[in-house]
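Survey of secondary and tertiary structure
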Amino acid sequence: MPETIQEVVVMVHGVQPDVSPRINAGRYAEFFDGVSGRVDDGSPWKTARRVEVEWGKKAGRAPDPEANHRRLSKAQRNYADAILAAVGDEGEWTWNPAGRAVVSGLRSLCVRGFGDMFYYVSEDGKKSLRGSLATYLADQVSGGLAGSDGALPSKPLSLTFVGHSAGAVACADFLFFLFRKDRPAEEFLGCKKNMIDPLVRKNLDELKARAEDGSLRVRRLITLGSPFSMVLARSAEVVERLADYAKNTPPEGRPKLNPRDYGVLDSAADGDGSRFEDQLTGPRWINVWDKDDLIAYPVEPVFEAGEAVVDLNINVGSGLRTVHGKYWSDKTVYQTLAGMW
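Residues numbered from 1 in each chain as written. Predicted model: local features only at pLDDT ≥ 70, side-chain atom pairs only at ≥ 80, totals over all residues. Heavy atoms only, no water.

So, on to the nonpolar core. If you look at the biggest cluster of nonpolar residues, it comprises 51 residues, and the most contacted ones within it are Phe174, Phe228 and Trp285. Of all the elements in the fold, those that place two or more residues in this core are strand 1 (6-12), strand 2 (49-53), helix 5 (123-145), strand 3 (157-164), helix 6 (166-179), helix 7 (185-189), helix 8 (198-213) and strand 4 (216-224). Residue contributions to this core peak at eleven residues, all from helix 6. Once residues lying within four places of it in the same chain are set aside, the contact partners of Phe228 are Val169, Ala172, Leu257, Tyr262, Trp285, Val299 and Phe303. Of all hydrophobic cores here, the second largest spans 28 residues; its members include Phe32, Trp289, Ala296 and Leu312. (Core = buried A, V, L, I, M, F, W, Y, C linked by side-chain atoms within 4.5 Å. Buried < 20%, exposed > 50% of the residue type's maximum accessible area, 1.4 Å probe, protein only. Helix = DSSP H or I, 4+ residues; strand = E, 2+ residues; numbered from the N terminus. Contact = heavy atoms within 4.5 Å.)

Printed below as a string of structure tokens:
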């Protein structure tokens, strides 16, 4: 008799540079319901447990006691307003007013839109945001499913991650922690071992053990408007691999990024002997991006992945300032993902 699978859908938003950043429950519900209305009636998507991560304003416990990410939206709005006001005060005449207008728009987009990525790749931001994400997942996935004895159920866990903007990069990094064997929790969280909450450490270690023994899998990693490829140079190992890009196919040189490190190809949960009876087909990392979105980039070219990693260029809008947030509510995105999940 096939084992019962526990499906979990994890959703992680990006930065919110608004005056009063909203809680994302409504946005998450709209996206989940949008896909749910387009999958088959018996699809496990409809009954999956939802884990909705909040950061930048509201968050759970975190190893970093100051949880600086909670102040990021306000900080970014304040410095962006000051910088752009100073730029606007410089009334330099130009022969090309149309070009100047384009530059002004791009300058605003860069200052307001890239702040979360600069923060995320910093040491302080890495500790704060990764700590919040890991703690929330440890609480909601492990703690939320655990029995009275604190142990996870024995049934296999099937995880789908939906990440937007910096949240997409955070999801990928979390999976790299789970599936890369030499990646301990303290390295992922950017803090000393004794600084990690014991319960968080216990839950993270159990999730990682599940990934290694094949009782946890990545059903899909769905990234929306992701700058993952834009920030590859934050890792010395990745820089070394991609520096020899022209020689990147084995056996002549180093391989490109390995999708196995993210659990989206040939994990312990795949293939013969798997505890998952419904063996997955099709791409496992689905990267949705729009060519008008300056923060979104393809990921497939930097992976040696075959069909495991796929880029989908979907037109969700055309306004440079607004397109980046449109993925959550786009009906074409819903329909496409429903057909591939």
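On the secondary structure map, Phe174 appears in helix 6. Remark: the alpha-carbon pair of Phe174 and Arg130, spanning 44 residues in sequence, is separated by 7.8 Å. Aside from chain neighbours lying at most four places away, what touches Phe174 is Leu133, Ala134, Leu137, Phe161, Phe188, Leu204 and Leu207.

Taken in spatial order, the six strands line up as 2-1-3-4-5-6 in an open sheet, and their pairing is parallel. The sheet terminates laterally at strand 2 and strand 6 (309-313), the two strands that pair on one side only. Neighbouring strand axes in the sheet, compared pairwise and without regard to direction, differ in orientation by 15° on average. In the packing of helix 6 onto the sheet, contacts are made with strand 1, strand 3, strand 4 and strand 5 (285-289), and the angle to strand 3 comes to roughly 150°. (Pairing = 2+ DSSP bridges. Axes fitted to C-alpha atoms, helices over the stretch in contact; angles between N-to-C directions.)

Moving on, we come to the pattern of salt bridges. Tallied over the full model, the rule gives eleven salt bridges. Residue Arg180 pairs with Asp182 through a salt bridge whose shortest N-O separation is 2.9 Å. With a shortest N-O distance of 3.7 Å, Asp278 and Arg219 are connected by a salt bridge. Of this pair, Asp278 sits in the loop between helix 9 (236-243) and strand 5 while Arg219 is found in strand 4, placing the two residues 59 residues apart along the sequence. By relative accessible area, Arg219 is classed as buried at 8%. When salt bridges that share partners are traced, they join Glu7, Arg217, Arg219 and Asp278 into one network. (Salt bridge = Lys/Arg side-chain N within 4 Å of Asp/Glu carboxyl O.)

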